[in-house]
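For reference, the chains in residue letters:
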Amino acid sequence: MKKTIDSILTPIKKHRSLRILLPTLAIVGWFIIAGIGGPTFGKLSSVSTNDQSSFLPASAQSTKVQKLQSQFQDSKSIPAIIVIESDNKITSQQLGDYSQLIKSVGAVEGVQRPTGNQPVVVGPIPSEDGMAVQFIVPISDTENVAKIVANIRTAVSDNTPAGQKAYVAGPAGLSADLVKAFGGIDGVLLLVALGVVFFILLIVYRSIALPFLVLLNSIFALCASILVIFTMAKGGWIELNGQSQGILSILVIGAATDYSLLLVARYKEALEHIESKWVAMWRALKVSFEPIAASAATVILALLCLLFSDLNSNRSLGPIAATGIAFSFVATLTFLPALLIIFGRGSFWPLRPKYYPQIQQKNSKNNTDISPLWRKVGILIGTHPRATWIISLLILLVGSMGVLQLQATGVAQTDLILSKSQAVDGQKILAKHFSAAIGTPMVVIVDEANTNAIVASLKTIAGVSSAVPYTGTIVRPGSPAAAPKIVNSKVLINVTISVTQADSAEAEAVVKQARESLPSIDPTVLVGGATAIAFDTNQTATADLYRIIPIVLVVILIVLIALLRSIVAPLVLIGSVAVSYTAAIGISALVFNHLFHFPGADASVPLFGFIFLVALGVDYNIFLMSRVREETRKIGTRAGIIRGLGKTGGVITSAGIILAATFAALGIIPILFLAQIAFIVAFGVLLDAILVRSLLVPALNYDIGKSIWWPSSLWRNGKE
């Protein structure tokens, strides 16, 4: 790779006009890209969806049911459930007082219009205890659910009798509150992340200009990424959602900043013994290109392994995040160098690096050019290598024991929102007075001839309160039975689950039992609906975890072998990040359960945590070991390990702190999944940067000696 860089940069080095022209063209080109991509940022929500059913593969039963369901129901409306709780029992006379509320809600733009004698708003439906009533409101304009729900809530609030409290819940209410919770992704999240990174960069560099240059590089990389991703989402090539949108911003800012730190460190180092800023950049690019390229390739390939996922949400995140990493890499090796060349030593003002022509490799062996802190760490490793890595490993293994407490079996949708939510509160009131699943029934599709037998079997399943064939009209409780609607010899049965919420573990157990028992009556039976969607999502996510983890480990191992020209060192690195991952997950599980008191975790959390922590954790080991390999050629393996650690210690620790702080910014979005990923990755990155890369890896490699380079020439001909 270095020869390739040489062949590109040598002609440029010789021609002064090219030194001016190329940086100028690079800067102008990136400003054009940012000018086009920047405004696209606000348009991402228009091509984004947070519908859980769209995440499932076509092979899932719930997906098949959803497609067949559309043949039974001409309307593709989504129901909003209005629930009103009273301080006293609601009398029959008071039920008539809701006529104005029904009229006002029915008049809201976007609510389904009546056809014939079919009512728009179904209700009031009183609870058995007489303390609450509910209404079912079908929303036909599914593109503007959040706005319509807001208008319904206003109409309900204006017409709720005194002494009663109303909530708009159900699928539409929850969807609206999810949109609101994700609302900060377009602006607040980005501003918080950039502010945190800028503050840390000021402390790290103690420079005014450099933080702006590094952040500008990150922002431009993000703009380019968004432009491409918007195009892919609009063309229907990928499925974009709020989770992947938030992760994209954080990942690009963090990765671009990490790559920038490595390049800037090598540039500053070069400026101390090279007078020309262009030649210094040429030298910095030569030595930093390979580790940055290997790092980017590792993360990109790890992310693209998500294409093996059966969940559309996971599979789409792969190319989305990989696109962000690719532009982070390209921007850091084109746009940032151009900026640094233009500003030269002024980039580091007021602490400009001074030119000392006498500084050569004479300080390599005594390490007097390494900071006192990292010199002490090097002395510790050189003096007690085995004790250092054994103690570090034991700490990680103790932390890993908490993995057994991770409750990653999925959570109810009402637990996803961490902020105040009227839909969540309303769902609790529904669960208190009604069957909480009445607005989102389980759906069973059977052959016409088996309808009665399936209905009878469903009623014997614990947790099923009713099973009613769909007749083509909204059936109110207690209404006389009508003839089922038949489509292609199939009948749709709406099943109400009486246990807690529609997507709870108890409700999912009902789906599981139905799928196990009903095929003996009708082999073609399909069980779907909201509960089945949640069940299928959790099952698919768990299967993805066991399928993708081995693939990612093999891919990363191959990249490391290609970079280090060794087999032993890559195995050490893979093992270190794997145990670091389990420790991060274990400690996170303890924090989630006993400190934050989270109700559980999404089934995709362990997989996402693995992808980010392993890929990003390997990044820091790549930065370290590529420098160790460079130093080993000059002064031997063990001395090279100490010097490589000392020269990269400050840079990698700073990069880890910045990346951790960037991911921690995800915590401002009040979504359980993002809050958990924010903590896992932030904590895990710090664990990698401070313990694994600083102590475990260098101490273990030091203990092994030059055998870490087996079977390369460094093993055969190098010094211990």
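Source: prediction; values computed, not measured. (Residues numbered from 1 in each chain as written. Predicted model: local features only at pLDDT ≥ 70, side-chain atom pairs only at ≥ 80, totals over all residues. Heavy atoms only, no water.)

Visitor: Before we go on, may I ask you to explain the overall build of the chain in this structure?
Guide: Per the secondary structure count, the chain includes 23 helices and nine strands. Put simply, 82% of the contacts in the chain that link residues at least 6 apart link residues at least 24 apart. Split by element, the accessible area of the chain, about 29,200 Å² in all, is 62% carbon and sulfur. (Helix = DSSP H or I, 4+ residues; strand = E, 2+ residues; numbered from the N terminus. Contact = heavy atoms within 4.5 Å. Areas by Shrake-Rupley, 256 points an atom, 1.4 Å probe, with all protein chains shown as cover.)

Visitor: Even after reading the chapter, I still don't get the packing of helix α21 (residues 637-664) against helix α22 (residues 672-704), so can you show me in this structure?
Guide: The description of two helices packed together rests on the angle between their axes and the distance between the axes. At a closest axis distance of 8 Å, the pairing of α21 and α22 adopts a crossing angle of 175°. Relative to α22, the element α21 is oriented roughly antiparallel. A class-by-class count of the residues in the contact of α21 with α22 yields 18 nonpolar, six polar and three charged. (Axes fitted to C-alpha atoms, helices over the stretch in contact; angles between N-to-C directions. Parallel < 35°, antiparallel > 145°, perpendicular 65-115°, else oblique. Nonpolar A, V, L, I, M, F, W, Y, C, P; charged D, E, K, R; others polar.)

Visitor: What am I meant to see in the packing of aromatic side chains here?
Guide: By convention here, two paired aromatic rings are described through the distance between centres and the angle between planes. Counted according to the given criterion, the structure contains 18 aromatic pairs. Judged by centre distance (6.4 Å) and plane angle (80°), the ring pair of tryptophan 710 and tryptophan 715 falls under edge-to-face. Under the relative-accessibility criterion, tryptophan 715 is labelled partly exposed at 31%. Aromatic ring contacts, followed pair by pair, group Phe592, Phe596, Phe598, Phe679 and Phe683 into a single cluster. Over the ring of tyrosine 702 we find arginine 638; its NZ or CZ atom is 5.4 Å from the centre of that ring. (Phe/Tyr/Trp six-rings, centres within 6.5 Å; stacked < 30°, edge-to-face > 60°. Buried < 20%, exposed > 50% of the residue type's maximum accessible area, 1.4 Å probe, protein only. Lys NZ or Arg CZ within 6 Å of the ring centre and 35° of its normal.)

Visitor: Help me out: how do you make sense of the side chain of aspartate 258 in this one?
Guide: Its place among the elements puts aspartate 258 in helix α10 (residues 242-271). Buried aspartate 258, no salt bridge; nearest opposite-charge side chain is arginine 693, N-O distance 11 Å. Residue contacts for aspartate 258: discarding those within four places in its chain leaves Tyr620, Phe623, Ala655 and Leu659. (Lys, Arg positive; Asp, Glu negative; His and termini not counted. Salt bridge = Lys/Arg side-chain N within 4 Å of Asp/Glu carboxyl O.)

Visitor: I'm lost on the pairing of strand β8 (residues 490-497) in this one. Help?
Guide: Side-chain positions along a regular strand alternate between the two faces of the sheet. With six of its eight residues buried, β8 lies for the most part within the structure. Across six bridges, strand β5 (residues 442-447) lies against β8 in antiparallel orientation. By the bridge assignment, valine 443 is partnered in β8 with asparagine 494. Summarising the sheet, strand β7 (residues 486-487) and β8 pair through two bridges and their orientation is antiparallel. Within β8, the position partnered with valine 487 by the bridge is lysine 490. (Pairing = 2+ DSSP bridges.)

Visitor: It is not clear to me how helix α14 (residues 385-400) should be interpreted in this structure. Could you clarify?
Guide: Think of an α-helix as 3.6 residues a turn; residues three or four steps apart then line up on the same face. For α14, built from 16 residues, the straight-helix expectation of 22 Å at 1.5 Å per residue is met to within 8% by its first-to-last C-alpha distance of 23 Å. Elements in contact with the buried residues of α14: α13 (372-383), α19 (568-594) and α22. (Expected span 1.5 Å × (residues − 1).)

Visitor: Before we go on, may I ask you to explain the pattern of salt bridges in this structure?
Guide: Oppositely charged side chains are able to pair whenever their charged atoms sit close together. Under the defined criterion, the tally for this structure stands at 14 salt bridges. With a shortest N-O distance of 3.1 Å, lysine 420 and aspartate 425 are connected by a salt bridge. Exposure remark for lysine 420: the relative accessible area of 71% places this residue in the exposed category. Here aspartate 544 and arginine 547 are joined by a salt bridge, their closest N and O atoms 2.6 Å apart. Taken as a pair, aspartate 544 and arginine 547 lie in helix α18 (residues 530-564) at a separation of three residues, close to a single helical turn.

Visitor: Can you walk me through the nonpolar core in this structure?
Guide: Most often, soluble globular proteins keep nonpolar side chains buried together rather than apart. Ranked by internal contacts, the top residues of the largest apolar core, which has 165 residues, are Tyr259, Leu303, Ile325, Phe612, Met625, Phe663 and Leu666. Among the elements that make up this core, the one with the highest residue count is α22 (18 residues). With residues near it in sequence (within four places) discarded, isoleucine 325 still touches Leu251, Ala255, Tyr259, Ala296, Val299, Ile300 and Leu303. (Core = buried A, V, L, I, M, F, W, Y, C linked by side-chain atoms within 4.5 Å.)

Visitor: What's the story with unusual backbone geometry in this structure? I'm lost.
Guide: Apart from glycine, the bulk of residues carry a negative phi angle, and the bulk of peptide bonds sit in the trans form. In the segment running from tryptophan 349 into proline 350, the intervening peptide bond is cis, with an omega of 10°. With an omega of 5°, the peptide bond running from tryptophan 710 to proline 711 counts as cis. Despite not being glycine, arginine 565 shows a phi value in the positive range, around 55°. Turning to its location among the elements, arginine 565 is positioned in the loop between α18 and α19. Among the residues examined, arginine 565 registers a relative accessible area of 38% and is labelled partly exposed. In this structure, histidine 597 takes a positive phi of about 55° despite not being glycine. The topology assignment puts histidine 597 in the loop between α19 and α20 (605-635).

Visitor: Would you mind going over the sheet that holds strand β1 (residues 78-86) with me for this structure?
Guide: Strand pairing in a sheet relies on backbone hydrogen bonds, with the paired strands running either antiparallel or parallel. Strand order in the open sheet made by the four strands is β2-β3-β1-β4, with antiparallel pairing throughout. Sheet topology places β2 (122-126) and β4 (164-169) at the edges, where each strand pairs with a single neighbour. Here the average twist between neighbouring strands, direction ignored, is 20°. Across the sheet, helix α7 (residues 170-181) is in contact with β1, β3 (132-139) and β4; its angle to β1 comes to roughly 95°. On the sheet, helix α15 (residues 422-433) packs against β1, β3 and β4 and is oriented at approximately 110° with respect to β4.

Visitor: Looking at this structure, how should I read the environment of phenylalanine 335?
Guide: Position of phenylalanine 335 among the secondary structure elements: in helix α12 (residues 312-343). Beyond its immediate chain neighbours, meaning those up to four positions away, phenylalanine 335 contacts Ala26, Ile27, Trp30, Phe31, Leu216, Asn217, Phe220 and Val330.

Visitor: How should the environment of valine 443 be read in this particular structure?
Guide: Position of valine 443 relative to the elements: it lies in strand β5. Looking at valine 443, the relative accessible area reads 2%, which means it is buried. A sequence separation of 49 residues divides valine 443 from leucine 492, and the C-alpha atoms of the two residues are 6.8 Å apart. If near-sequence neighbours (up to four positions away) are discounted, valine 443 is found in contact with Val65, Gln69, Leu492, Ile493, Asn494, Leu526, Val527, Gly528 and Gly529.

Visitor: Please explain α12 as it appears in this structure.
Guide: For α12, with 32 residues, the first-to-last C-alpha span of 45 Å sits near the 46 Å given by 1.5 Å per residue. Along its length, α12 reaches its greatest deviation from straightness, about 40°, at alanine 331. Within two residues after α12, glycine 344 carries a phi angle of roughly 60°, on the positive side. (Bend = angle between axes of the 7 residues up to and from the residue.)

Visitor: Sorry, what's going on with a nonpolar patch on the surface here?
Guide: Taken together, Ile561, Ile567, Leu571, Trp710 and Trp715 make up a surface patch of nonpolar side chains, about 420 Å² in accessible area. In this structure, tryptophan 715 sits in helix α23 (residues 713-717). (Patch = residues over 30% accessible without salt bridge, like charges linked within 9 Å, V, L, I, M, F, W, Y side chains within 5 Å.)

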